Amino acid sequence: MKPENQDQAVHRPGPAKQDNKKHKTGRHRSKGTLEILKKGRTAQNSAKSKANHQLSRMERRHQAKILRKTKTENVLSEKRRSLNVPHLVAVIPLSNNVFVNEKLMEMTNVLQKADVKLRTSVASEGYSHLWIEQFKQAFTFIRPDCSSVLGLLDTLKVVDTILFMVSAEVGFDQDVDLLMTCILAQGLPSTVVAITDLEKIPIKKQNETKQCIQKDIENWLPDEKVSKIDTSTDILNVLRRISSQKKRSITFRDKRPHLLAEELAFIPSSDDNVGTMKVTGFLRGQTLSVNSLVHIPGWGDFQMEQIDLTSNDFIKSFTGKDVQTTILETANPKLQDNLACENIPDPMDAEQTWPTDEEMKEATSKNKRMIKRVPQGMSVYQSAWIPDEESDHDDENTESDEGSDDFYSIEDETSDNEMKSMLDDHMETMSMTSVASEAPIEADKYDLQFDLDEEEKILNKIKEAKADQMFPDEVDTPNDMPARIRFQKYRGLQSFRTSPWDVKENLPPEYARIFQFENFDRTRKRMFKNLENITGAMPDWYVTVHVKNIPSKMFHSRDARNPVVLFGLLPHEQKMSVLNVVLKRPSTVHFDEPIKSKSELIFQCGFRRFTAEPIFSQHTNGNKFKYERFFHQDSIVVATMFAPIVYPPCSVIAMKYCKDGSFQIIGNGNVLSVNPDRVIVKRTVLSGHPFKVHKHSAVVRFMFFNREDIDWFKPVELRTKYGRRGHIKEPLGTHGHMKCGFDGQVKSQDTVCLNLYKRVFPKWTYNQFYNVTK
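Report follows, based on the coordinates. Counting of residues starts from 1 at the beginning of each chain's written sequence and follows it residue by residue. Reporting in this predicted model follows two pLDDT cut-offs: at least 70 for local features of residues, and 80 or more for side-chain atom pairs to be given and counted; totals over whole chains, interfaces and linings ignore these cut-offs and use all residues. Based on all heavy atoms of the structure, the side-chain values leave hydrogens and waters out of the count.

### Some points on the overall build of the chain
The helix and strand labels rest on DSSP assignments: H or I over at least four residues marks a helix, E over at least two residues marks a strand, and numbering proceeds from the N terminus. When you go through the chain residue by residue, the secondary structure sums to 18 helices and 35 strands. Residues counted as buried form 45% of the 774 residues belonging to the chain. Contact between two residues is taken to exist if any of their heavy atoms lie within 4.5 Å; hydrogens are not considered. Put simply, of all contacts in the chain between residues at least 6 apart along the chain, 76% involve residues at least 24 apart. Accessible areas in this description were obtained via Shrake-Rupley with a 1.4 Å probe; residue shielding takes into account the shown protein chains only. On the chain, roughly 43900 Å² of surface is accessible, and the fraction owed to carbon and sulfur atoms is 49%. Working definition: with a 1.4 Å probe on protein chains only, accessible area under 20% of the residue-type maximum means buried, over 50% means exposed, and in between means partly exposed.

So this is what it looks like as structure tokens:
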């Protein structure tokens, strides 16, 4: 039945009615159609964020077009530049029977017999210049002395291409692993591998011999293809490949002006000990300003007097341009960088002012004072983990406490001479107990040339390194002196990661002699950005640089087999600071001898070479870094040392000098930062053994040997090797037993450890005058 009132039965939608979207038939346009109609136009009032802006298809096409155009222009400019500057090629033999001088003469004779138009010339320093009319390209062949690894590395810093020569008759030398590892670690330029004496091999075995050499060279150069260099066609193919291949970029070289000396002259001054050296050659890299400093590897940093634009007969032969010798720049003493590498500390910086009347009244009004009993030499900041003790003693009792044997009050740091002398005696007798014992060596197992002392030192190092790997940072508590005296410079940390550590606390005196940046990364970016604004001698110019104050003894005693290389320094790179470099063990060179921290090493840091005794630390994130006692195999460490400032990226090679005159590479890496505020913390672990184990407590022994030491280290948290945490409750008896509480059940075979920390600093052992022929 229908209801009587039909109006009440009709449903009327309310304000929350669903409003469906109407279907627009025939009006839909795709995104592609909209882009075509828009044709890259954007709304004038639409503001887009550059960071979050997503490029459209038209914008991506335009960006790719600009990128292709830029790359093409760079390649063309590089080719035009190469027509005016000889291509530097270092010829390195990888076989004993390959004599570079004879091979270069043989190559020139073969090309002349084949009617190839060329011109040859020899520089005063012994370099061979070759101009090929067919390629319209000049080549400069350098023959470095491969017997001197450091001299070879200095030469390869400036070359454009390395030509490796391998004899098919002999093969590779035994020392090729060390040589290739050093070259790869420093920074590898463009390479070409050529095989010689292939005609001396029977025809049936020539292909097999070439394949074997190709397989061996792939261990160091995976993408390199071996070429023959016997006939004139082979020689031309190798030269064409050298001139046309893309040059590899080495950042530390390309960011600085550098020059290979083709002519050298020395003009002595009124003082016979020093003089002015004229270095002539092609300037490469960046613009060289006469007011900046230059660095000669193995010699040091020097200032310049002037820069001349010169020419020679070989340049005239292939360019047809005759350049008159003109003076480009003369040094301005007001604008010239000085050679000061160290900061002169002001002795009045630490002067203390007399306290005011208000400070005196505030100090005398305190009747109840907080007394903190800490070892001699520990500051308030260092003793933050030691609990305070309330004291109402009068002055007489306070003075008697301050004169005790092992403690003094931070509130009044004055103490008598007897206490200081006794503490000095304790410090003189401090020694870390060795965890390794010397093994006896039988006398009949070595001959007259056997160095027994050196063998025992290496054996002890190996044992210490193994003990450090098995029991890292664990030290035996001494029995002959209190632990609170032995470890008085250490402190406890609640958390190694989050606990604060003041970076300016108790710095050694050497830190007053160095320089520090407010923001090193920002300064480095600004220096690289300002390279385009430098005025002076432009790259690819043939110039003569007048370097002043060169020691005459250094010039006349130089090794003529190693060329002189000159690098321009960026601002502040002559100043001393704290240099941090990342090192890792090379995989191609096997060196099993452990490297202990603070060992003397030779560093080839970019364009510099020096010796130092660095300290090693872990390469991790955070504001504190754990000190490493050894540079273990298959590990990555950060070596920290006092050295001149070097802007990264820059390659680093660490080598060790052997007694037989050879060098052993022990690590390679790059510059991490120049940061004196890097906190390197040495951890010392005192271990004890559970004697009686209860549910959540245990009696621990052999960590300390007297009651006073237990009370002293009571605030420091304990941990076990199985992951338990705890604290010292109370000492038991007077012989070092203590009751400890833990957060869980402690197993009887577990080891209880107490961690102590101390900041360590590098020593000032930098020496830049390291002789190449040492």
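Moving on from the model shown.
### As for empty space enclosed by the protein
Space inside and on the surface of the protein is sampled on a 1 Å grid over the protein atoms alone, with a cavity defined as a set of points where a 1.4 Å probe fits but cannot get out and a pocket as an open set with protein on both sides within 12 Å along at least 5 of 7 lines; lining residues have an atom within 4 Å of a point. Grid points are joined across faces, edges and corners, and a volume is the space filled by probe spheres set on the points. Inspection of the entire model under this criterion finds one cavity of 30 Å³ or more. In this model, the largest cavity occupies a volume close to 30 Å³. Looking at the largest cavity, the residues that line it are Y511, V578, T640, N675, P676, R678, I680, V760 and P762. Considering only residue class, the lining of the largest cavity consists of six nonpolar, two polar and one charged. Each residue is assigned to one class: nonpolar for Ala, Val, Leu, Ile, Met, Phe, Trp, Tyr, Cys and Pro, charged for Asp, Glu, Lys and Arg, and polar for all the others, Gly among them.

### Side note on the packing of aromatic side chains
The geometry of an aromatic ring pair comes down to the distance between the two centres and the angle between the two planes. Only centres within 6.5 Å qualify two rings of Phe, Tyr or Trp (six-membered ring in Trp) as a pair; their planes then separate them into stacked at under 30 degrees, edge-to-face at over 60, and tilted for everything else. Applying the stated rule across the entire model yields 19 aromatic pairs. With centroids separated by 5.5 Å and ring planes inclined at 80 degrees, the aromatic side chains of Y511 and F761 adopt a geometry described as edge-to-face. Here Y511, found in the loop between α15 (483–486) and α16 (520–529), pairs with F761, found in the segment after β35 (752–759); they are 250 residues apart in sequence, far enough to count as distant. Here the two residues Y511 and F761 agree in accessibility, since each one is buried. One aromatic cluster is present, built from ring pairs that chain together Y511, F642, F761 and W764. When the ring centre of W764 is taken as reference, the NZ or CZ atom of R513 above it lies at 3.9 Å. Placement of a charge over a ring requires the Lys NZ or Arg CZ to be within 6 Å of the ring centre, with the centre-to-atom vector within 35 degrees of the ring normal.

### Digging into the pattern of salt bridges
Side chains that differ in charge, positive against negative, can pair when their charged atoms come close. Within this document, salt bridges are pairs made up of a side-chain nitrogen of Lys or Arg and a carboxyl oxygen of Asp or Glu, the two lying within 4 Å of each other. Evaluated as defined, the whole model comprises 22 salt bridges. The partner of R253 in a salt bridge is D254, with the nearest N and O atoms 3.7 Å apart. The class of R253 is buried, set by a relative accessible area of 5%. Its relative accessible area of 26% is what places D254 among the partly exposed residues. In this structure, the salt-bridge partner of E573 is R256, at a minimum N-O distance of 2.7 Å. Highlighted residues: E573 in the loop between β19 (565–568) and β20 (576–584) and R256 in the loop between α9 (251–254) and β8 (258–260), separated in sequence by 317 residues. For the pair shown, E573 and R256 are each scored as buried.

### Observations regarding the side chain of S617
For S617, the location among the structural elements is in strand β24 (residues 615–618). Two N or O atoms form a polar contact when they lie within 3.5 Å of each other; inside protein one atom must be a possible hydrogen donor and the other a possible acceptor, and for residues adjacent in sequence the pair counts only when both atoms belong to side chains. Within the local environment of S617, its side chain forms a polar contact with the side chain of R678, the two groups lying 3.1 Å apart. In this structure, S617 is in contact with F625, K626, Y627, E628, V637, V638, R678 and I680, ignoring residues within four places of it in sequence.

### Things to note about the packing of helix α5 (residues 149–156) against helix α6 (residues 176–186)
Packing of α5 against α6 leaves a shortest axis separation of 11 Å and a crossing angle of 40 degrees. Here the hand of the crossing between α5 and α6 comes out right-handed. Mapping the contact onto sequence places V149, L152, L153 and L156 in α5 and L179, C182, I183 and Q186 in α6. Here the contact of α5 with α6 is built from residues that sort into seven nonpolar, one polar and no charged. Only the contacting stretch of a helix is used when fitting its axis, a line to C-alpha atoms as for every element, and angles between N-to-C directions run 0 to 180 degrees. A clockwise turn of the near helix away from the far one marks a right-handed crossing, whereas an anticlockwise turn of less than a right angle marks a left-handed crossing.

### Some points on the packing of helix α4 (residues 100–113) against helix α8 (residues 232–244)
Axis separation between α4 and α8 bottoms out at 9 Å; the angle between their running directions is 110 degrees. With respect to each other, α4 and α8 are oriented roughly perpendicular. The way α4 lies across α8 gives a crossing that is left-handed. For the pair formed by α4 and α8, the contact residues are M107, V110 and L111 on the first element and S232, I235, L236 and L239 on the second. Any angle that falls under 35 degrees is termed roughly parallel, while one over 145 is termed roughly antiparallel, one within 65 to 115 roughly perpendicular, and all others oblique.

### A short note on the side chain of T544
Mapped onto the elements of the fold, T544 is located in strand β18 (residues 542–551). A polar side-chain atom of T544 sits 3.0 Å from a polar atom in the side chain of T280. When near neighbours in sequence (up to four residues on either side) are disregarded, T544 contacts K278, V279, T280, Q306, I307, D308 and T310.

### Things to note about the pairing of strand β9 (residues 263–268)
Note on pairing: DSSP must find at least two bridges between two strands before they are called paired. Note that β9 and strand β10 (residues 274–284) share six bridges and pair antiparallel. Across the sheet, P268 pairs through a bridge with G275, a residue of β10. Two successive antiparallel strands, β9 and β10, enclose a turn made up of five residues.

### Quick look at α6
When you tally the buried positions in α6, you get eight out of 11 residues, the bulk of the element. Just downstream of α6 lies G187, where phi reads positive at about 130 degrees.

### Overview of α16
Considered for burial, the residues of α16 that qualify are F520, T523, R524, M527 and F528. Mapping the buried residues of α16 onto a view down its axis gives an arc of 130 degrees, with all of them on the same face. Projecting away from the buried face of α16 at angles above 90 degrees are the exposed residues K525 and K529. Packed against the buried residues of α16 are β29 (663–674). N-cap assignment for α16: the residue whose side-chain oxygen lies 3.4 Å from the backbone N of D521 is N519. Here the arc refers to the set of directions running from the helix axis out to each C-beta atom.

### Things to note about a nonpolar patch on the surface
Distance thresholds for patches are 9 Å for like charges and 5 Å for nonpolar side chains (Val, Leu, Ile, Met, Phe, Trp, Tyr), applied to residues having over 30% relative accessible area and no salt bridge. There is a patch of nonpolar side chains on the surface, built from L328, M538 and W541 and spanning about 240 Å² of accessible area. Following the sequence through the fold, L328 ends up in strand β13 (residues 326–330). A relative accessible area of 32% means that L328 is categorised as partly exposed.

### Observations concerning the environment of S748
In this fold, S748 is placed in the loop between β34 (737–742) and β35. Assessed through its relative accessible area of 56%, S748 is described here as exposed. C-alpha of S748 to C-alpha of V693: the two residues are 55 residues apart in sequence and 6.7 Å apart in space. Each residue touching S748, except ones within four places of it in the same chain, is listed here: P690 and V693. At a separation of 3.4 Å, a polar atom in the side chain of S748 contacts the side chain of Q749.

### Describing the nonpolar core
Throughout, nonpolar core names a set of buried Ala, Val, Leu, Ile, Met, Phe, Trp, Tyr and Cys residues whose side chains join them through atoms within 4.5 Å. Of all hydrophobic cores here, the largest spans 75 residues; its most connected members are I92, F164, V581, L583, F603 and F610. Setting aside chain neighbours within four positions, we find F603 in contact with V581, L583, R608, R609, F610, A612, P614, M641, V652, I653 and A654. Judged by nonpolar contacts, the second largest core, of 26 residues, contains A261, I307, L309 and V543.

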